[in-house]
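Each chain, letter by letter, is given below.
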Amino acid sequence: MSRWAVLMVCLLGGCVPDRPARTPLDALLAETTCGAAVSDLLTDLGAAASYLRAPPAGDGSSSVRVPTARFAEWIAVTLPRDGAPVLSRVTPEAAEVFQFLSDCSHTSETTQSQAGEEDQARFTDEYLLGLLEGAGTAPLVVYVWSPHMPLSPDGWPEIQRAAQIAGMRATPALMAHSDREFAAREVARVGMPLEGLREIASVELIQRQAQVHAPSIIIFGRDRVSPVLPGYRNTQGYLRYLEAFLEES
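Residues numbered from 1 in each chain as written. Predicted model: local features only at pLDDT ≥ 70, side-chain atom pairs only at ≥ 80, totals over all residues. Heavy atoms only, no water.

### Brief notes about helix α3 (residues 35–44)
Right, on to step 1. Residues G35, V38, S39, L41 and L42 constitute the buried set of α3. Projection of α3 onto a plane perpendicular to its axis shows the buried side chains occupying an angular sector of 165 degrees, all on one side. Turned more than 90 degrees off the buried face of α3, the exposed positions are A36 and D44.
Right, on to step 2. Where the residues of α3 are buried, they touch α2 (24–29), β3 (74–79), β4 (86–90), β5 (94–100) and β6 (106–112).
Right, on to step 3. G46, located one to two residues past α3, shows a positive phi value of around 80 degrees. (Buried < 20%, exposed > 50% of the residue type's maximum accessible area, 1.4 Å probe, protein only. Helix = DSSP H or I, 4+ residues; strand = E, 2+ residues; numbered from the N terminus. Arc of directions from axis to C-beta. Contact = heavy atoms within 4.5 Å.)

Pasting the structure below:
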């Protein structure tokens, strides 16, 4: 198992006994329908002990995102106002939905992802993992940008300088569904590498809400991943965040 696979186990409190007495995720499920059965299934799926909150759905249901022991494998837990939670395990290869019945048993349905040749030009999990494992131990700063957001392209030189000062690496990632012709012009204008035209198709980045805003950054360190930092900053502003991450490592 690579160190990045091991990291997924440890992130967000995953390095704990298989069934801890009380975890944040257990507490979240304590009052839900079929909570014990949901908790057991999450354990079987290798879920970590804690989670990231996701935006609420239009029907008022809440949801959280839980990492597992596998890089780029996440479980979305939807908590409806009435009824049992719905689990969706998402990987680069497939999505599997678990529905709980009235007796708290569950069914599952799997949909395979449609990978294609265009993945070679996208910011996939395979591409991200290659960056993480391919250049030593320096933390990697992923800079999510869009040509449609003011100051978003202009933040690239700022984060690039900040990362260099902090001893980190920086890589750009284009927000999905951007205008590629417009993006190409902006890449040339600000001196961004052509890799900046790779559109995000990474489960790991999407589940970590890297596309919540453009620009935004997320740092992958040796033993942890930062929260997403949205918004444009100058070099010094980014540097303060990068240095704070290093101090807490």
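### Considering the sheet that holds β6
Right, on to step 1. With antiparallel pairing, the six strands of this open sheet are ordered in space as β1-β2-β3-β4-β5-β6. The sheet is open, and its two edges are formed by β1 (52–54) and β6, each paired on a single side. Between one strand and the next, the sheet's axes are offset by a mean angle of 20 degrees, whatever the strand orientation.
Right, on to step 2. Across four bridges, β4 lies against β5 in antiparallel orientation. Across the sheet, residue L87 finds its bridge partner in β5, namely F98.
Right, on to step 3. Where α3 meets the sheet, it contacts β3, β4, β5 and β6, and its direction lies at approximately 155 degrees from that of β5. (Pairing = 2+ DSSP bridges. Axes fitted to C-alpha atoms, helices over the stretch in contact; angles between N-to-C directions.)

### Focus on the packing of helix α5 (residues 155–166) against helix α8 (residues 235–248)
Right, on to step 1. α8 packs onto α5 with a crossing angle of 40 degrees between their chain directions and a minimal axis gap of 8 Å. Classified by the interaxial angle, the pair formed by α5 and α8 is oblique. The two elements α5 and α8 cross, and the hand of that crossing is right-handed. The residues of α8 that touch α5, namely those facing G155, E158, I159, R161, A162, A163, I165 and A166, are T235, Y238, L239, L242 and L246.
Right, on to step 2. Residue classes in the contact of α5 with α8 are distributed as nine nonpolar, two polar and two charged. (Parallel < 35°, antiparallel > 145°, perpendicular 65-115°, else oblique. Left-handed = near helix turned anticlockwise from the far one by under 90°. Nonpolar A, V, L, I, M, F, W, Y, C, P; charged D, E, K, R; others polar.)

### As for the state of the cysteines
Right, on to step 1. Applying the stated rule across the entire model yields one disulfide.
Right, on to step 2. Each disulfide pairs two cysteine sulfurs, and for C34 the partner residue is C104, the sulfurs being separated by 2.0 Å. Linking C34 and C104, the disulfide has an S-S dihedral of approximately -80 degrees and is accordingly described as left-handed. With C34 in the loop between α2 and α3 and C104 in the loop between β5 and β6, the pair connects residues that are 70 residues apart, well separated along the chain. (Disulfide = S-S within 2.5 Å.)

### Brief notes about the packing of aromatic side chains
Right, on to step 1. For the structure on display, the rule yields three aromatic pairs.
Right, on to step 2. Pairing F123 with Y127 gives two aromatic rings, centres 5.0 Å apart and planes at 80 degrees, and the pair type is edge-to-face. Assigned by exposure class, F123 and Y127 land together as buried.
Right, on to step 3. Ring geometry for Y143 versus W156: centroids 6.0 Å apart, planes at 55 degrees, classification tilted. Of the two residues, Y143 sits in strand β8 (residues 140–145) while W156 sits in helix α5, which places them 13 residues apart along the sequence.
Right, on to step 4. For W156, a relative accessible area of 1% puts it in the buried group.
Right, on to step 5. It is R198 that lies over the ring of Y127; its NZ or CZ is 3.9 Å from the centre.
Right, on to step 6. Directly above the ring of F245 sits R224, whose terminal nitrogen or CZ lies 4.0 Å from the centroid. (Phe/Tyr/Trp six-rings, centres within 6.5 Å; stacked < 30°, edge-to-face > 60°. Lys NZ or Arg CZ within 6 Å of the ring centre and 35° of its normal.)

### Concerning the pairing of β8
Right, on to step 1. Counted residue by residue, β8 has six buried out of six residues, so it is predominantly covered.
Right, on to step 2. In β8, alternate side chains face the same way, and those of L140, V142 and V144 on one face and V141, Y143 and W145 on the other are all buried.
Right, on to step 3. Pairing of β8 with strand β9 (residues 169–174) involves six bridges; the strand directions are parallel. The residue bridging L140 from the neighbouring strand is R169, located in β9.
Right, on to step 4. Tracing the backbone out of β8, into α5 and back to the parallel element β9 gives a crossover that is right-handed.
Right, on to step 5. One ladder, built from five bridges, connects β8 with strand β11 (residues 216–220); its direction is antiparallel. Among the inter-strand pairings, V144 is bridged to a residue of β11, identified as S216. (Right-handed = clockwise from strand over helix to strand, strands pointing away.)

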